[in-house]
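# Working through the structure, step by step
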Amino acid sequence: MKQSTFNNKYLPYVLLVPTFFILIVFLFYPAIETFRLSFFKIHPWTGVGKFAGFYNFIKIFTNTEYLRSFVLSAGFTLAVIAGGLFLSLLVALLLNKKIAGIRVYRTLLIWPYALSPAIAGALFNFLFNPANGVLCYFTGIRTWLTNDKTAIIVVIIAAVWKNLGYNIIFYLTALRNVPGAALESASIDGAGSVKKFFYITFAFLSPTTFFLFVMNTIYAYFASFGLIDVLTEGGPAGSTRILIYHLYKDFFVHSKIGYAAAESLVLFSLVVGVTILQFRTAGKKVHYQ
Amino acid sequence: MKKWLPILVVALLVISGLLTSCEKKVKVDESAEVSIEFWHAMSGARIDLIQGIVDKFTAENPNIKVDVQYTGSYNDTLNKVKSAYKAGNAPDIFHSYEIGTLGLINSGIISPLDEIAKNFKREIPWDDFFTPVQSYYKYQGDHYSMPFNTSTPLIYYNKTFFEKAGLDVNNPPKTYEEIRAAALKLKAAGFENPVTWNLHSWYFEQMICLQDEPFVNDKNGRSGKLPTEVVFNGEAGQKVLDWWIGMEKDGLFLDVGPGWSNHRAAFGSGEVAIVMSSSSDVNRLTEALAEKGWEMGTGYIPRPEGAKGGVAIGGGSLWMTNNHTPEEELATLKLITFISEDEAQIAWHKGTGYFPVRKTAMDQLKTEGWFDENPNYLTAFNQLLDSPETLNTAGGLLGIFPEARELIQSAIQEMYAGKSVKDGLDEAAAKVNASMTEWNEVIQ
């Protein structure tokens, strides 16, 4: 088959214009603007700024609540990744079995991903709210969301549940791509099903696991906002106020634009940093076919 | 003498010319076609109610087109106004909560209502407005915005449950001690946690007002200077929370967390027998209890024995943004005034429970016999009229009120978890003060 080529030098640039237009308007300009604003004290209404050097950064890093939120976010993210990946792999393994009605199970288990975080929050509120939550009634404990030790657990469960469908889809696809020949030859060599899983299947799943690791980190840091807003508003007493929620409050409620800009820069560097770290460490162990 | 006459005439002319030019006159064509935008923060059935009021206005003023938008919560609405203003397309009218008042006065994006009214020689009959309502929005002698939805907190109680517990159904508890006693009796009658209200600093603020104490320094934020220090951590504030937290500790109070739905749900489903909420909930809660066949009563919010203060109003008002053409300003002024007039206010009151802002509207409701049929709609109003008029009951003004509320609410949750009331309040006050110092510096 003959491949057609374009010899026009400028055509690639012309074709890139729409992409770059969108990137500049929605990504680069806001990012640069955020960077600039983080060095200013800004009037909450008119947006007029006064240069303040590192004032905003010093302020947020001397705020004990912000530092607490830092640690909380890290713990929250780890819990969401660990719980999310473990459960979704387990479910994906079960969904990979050939049993009657498997398509129905698959659809039902992937369903939660189609919900928006706020709706997922509303559902968990229906289960756990202290006034008339269904699970409060069955467990006999009303304080799931109003106790500072259990609220974060409910939020983690909700966040894991919400993202389960996404993780399952990827694991399921990866499982179906594990070559039958490799498993078969392992069987012939006398490997049991446990050994087969850890030595063969898991190795073939490593690229997907790594990808989900990165995606779940981003999810936990950024996308869990809606859940928290609906379930706890960051409370009780700040026990579920992770970095993204802290940022939301500072910008949208307290109108501290400079602080918020500095915080989003910190959050951005953090997630980029964690991702690079993951590529450097876990990335090397990933086995691509 | 004759010599002086021309000089005198000239002098008079000059002076009178000066005098008239002092008074800013705006010439505008009243019948010009004009369209204005109005953003409000009232959700649900209230969207249609407001649209209905505006439709009546446009029917009477066919040259004015009004685009009414529901723009989310008060907070969302303010954020949208902020970005729209920066982009140069702010709405002509927007709706803000009462606690945004000092921030908006200093925002540089609004036109004071009295000033615009004076420019068009259409002064607003403030004498017809109830004093507590208009004095909240009056700052240094000028009204900056038009009072719109006005409420106070109320105690709602389930009469059917009161009867079961052997309590007087027509005499709701009025003091801290009486609430406690009633709660104990209800608990004995089988209610696990008989009392609740949502985690909201508004109740705390109101209960400080009830003791006739200020929330913030510089005359409760009304001296004309920006206040620099909050005083809610004083004796009055501690007294409120000693009682509130004490009830929670003793299992008489159900902590339902923040937001405005859980406490209503707990009351509507019969989990609790006493709830504190906004007077604008009277409509909703009456219906919720009637569905179950229960009867509802209302009462004033509780105070410590002998406290002499009163409540301050809550709710919201309508603000005008600046930088509009005189035609738009006049149309905006007309609409704002229309919304404050009897017809609109009566429709609004009946549909929500927010009470009318004008005396004439109230009189009309009384002669109609509305309150004989719906006595619970009158309680909030009487509670307000029974309040003395002081700087404390006019309501505290604070630029960073939304943040102060967050910090107070967080402190209350720490108290539920075991922190002492005094420490919790002092820490919250210190944080608010630090934030206030920063805000005062940035805003100037």
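Sequence positions are assigned chain by chain, starting from 1 and proceeding in written order. Labels are handed out in written order, letters beginning with A for the chains and numbers beginning with 1 for the ligands. With pLDDT at 70 or above as the cut-off, local features in this predicted model cover only qualifying residues; side-chain atom pairs require 80 or more to be listed or tallied, and sums for whole chains, interfaces and linings still use all residues. Only hydrogens and water are set aside; all other atoms, that is, all heavy atoms of the structure, feed into the side-chain values.

## Some words on the interface of chain A and chain B
- Contacts between chain A and chain B engage 35 residues on the former and 37 residues on the latter.
- Here the buried area means the combined drop in accessible surface, using a 1.4 Å probe, for two parts upon being joined, counting both sides. A combined buried area of about 2,900 Å² lies between chain A and chain B, and 50% of that area is made up of carbon and sulfur atoms.
- Counting the surface chain A buries against chain B, the share from its top three residues, A:Trp45, A:Ala131 and A:Arg142, is 25%.
- Criterion for a salt bridge: a side-chain nitrogen of Lys or Arg within 4 Å of a carboxyl oxygen of Asp or Glu. At the surface where chain A touches chain B, the tally comes to seven salt bridges.
- The residue A:Lys59 makes a salt bridge to B:Glu438 at a minimum N-O spacing of 3.7 Å.
- Here a polar contact is recorded for every N or O atom pair within 3.5 Å, except that within protein the pair must consist of a potential hydrogen donor and a potential acceptor, and residues adjacent in sequence are included only if both atoms are side-chain atoms. Where chain A packs against chain B, one counts twelve residue pairs in polar contact (both at pLDDT 80 or more).
- When residues of the side of chain A that touches chain B are traced back to their parent elements, those giving at least two are strand E1 (40-42), helix H2 (55-61), helix H11 (243-253) and helix H12 (257-280) of chain A. Residues are treated as being in contact if the distance between any of their heavy atoms lies within 4.5 Å. Numbering goes from the N terminus for both helices and strands, where a helix is a DSSP run of H or I of at least four residues and a strand is a run of E of at least two.

## Quick word on the domain arrangement of chain B
All names here are of chain B.
- For the purposes of this description, domain bounds are those given by an automatic or database domain assignment. Here chain B is partitioned into domain 1 (34-151 + 313-376) and domain 2 (153-310 + 400-431).
- Tallying the contact residues gives 21 residues for domain 1 and 21 residues for domain 2.
- Summing both partners gives a buried area of about 1,500 Å² for domain 1 against domain 2, and 44% of it is carried by carbon and sulfur.
- Taken as a group, Ile99, Tyr139 and Asn376 account for 38% of the area that domain 1 buries against domain 2, more than any other trio of residues on that side.

## Thoughts on the sheet that holds strand E10 (residues 274-278) of chain B
Residue and element names in this part refer to chain B.
- Being paired, for any two strands, means DSSP has found at least two bridges between them. Pairing is mixed across the open sheet formed by four strands, whose spatial order is E9-E10-E8-E11. Two strands lie at the open edges of the sheet, namely strand E9 (195-196) and strand E11 (296-299), each paired on one side alone.
- Pairing between E9 and E10: two bridges, direction parallel. Each bridged residue has a counterpart across the sheet, and for valine 195 the counterpart in E10 is isoleucine 274.
- The sheet strands contacting helix H9 (residues 201-209) are strand E8 (153-158) and E10, and the helix crosses E10 at an angle near 90°.
- The strands that helix H13 (residues 282-292) touches are E8, E10 and E11; relative to E11, the one it contacts most, it runs at about 150°. A fitted line through C-alpha atoms serves as each axis, taken over the contacting stretch for helices, and the angle formed by two N-to-C directions is quoted from 0 to 180°.

## Remarks on the side chain of A:Thr146
- With respect to the helices and strands, the residue A:Thr146 is situated in the loop between helix H6 (134-139) and helix H7 (151-176).
- Setting aside its immediate chain neighbours within four residues, A:Thr146 contacts A:Pro130, A:Pro236, B:Asp255, B:Val256 and B:Gly257.

## Focus on a nonpolar patch on the surface
Residue and element names in this part refer to chain A.
- For patch building, the residue pool is restricted to those with more than 30% relative accessible area and no salt bridge; the joining distance is 9 Å between like charges and 5 Å between nonpolar side chains (Val, Leu, Ile, Met, Phe, Trp, Tyr). In these tables, accessible area is a Shrake-Rupley quantity obtained with a 1.4 Å probe, and a residue counts as shielded only by the protein chains included in the view. On the surface, Leu16, Phe20, Phe21, Ile22, Ile24, Val25, Phe26, Leu27, Phe28, Tyr29 and Ile32 cluster together to form a nonpolar patch covering roughly 1,200 Å² of accessible area.
- Take leucine 27: it is sitting in helix H1 (residues 11-37).
- Classification of leucine 27 by relative accessible area gives partly exposed; the value is 49%. A 1.4 Å probe rolled over the protein chains alone gives each residue an accessible area, and that area as a share of the maximum for its type sets the label: buried under 20%, exposed over 50%, partly exposed in between.

## Topic: the pattern of salt bridges
- Enumeration over the complete set of coordinates arrives at 24 salt bridges over all chains.
- B:Glu192 is the salt-bridge partner of A:Arg142, the closest N and O atoms lying 4.0 Å from each other. With one member in each of two chains, A:Arg142 in the loop between H6 and H7 and B:Glu192 in the loop between helix H8 (176-188) and E9 form a pair that bridges those chains.
- Under the relative-accessibility criterion, B:Glu192 is labelled exposed at 52%.
- Note that B:Glu427 and B:Lys419 form a salt bridge whose closest N and O atoms lie 2.6 Å from each other.
- On the accessibility criterion, B:Lys419 (28% relative accessible area) is partly exposed.
- Put simply, A:Glu65, A:Arg241 and B:Lys431 are held in one network by salt bridges that share partners.

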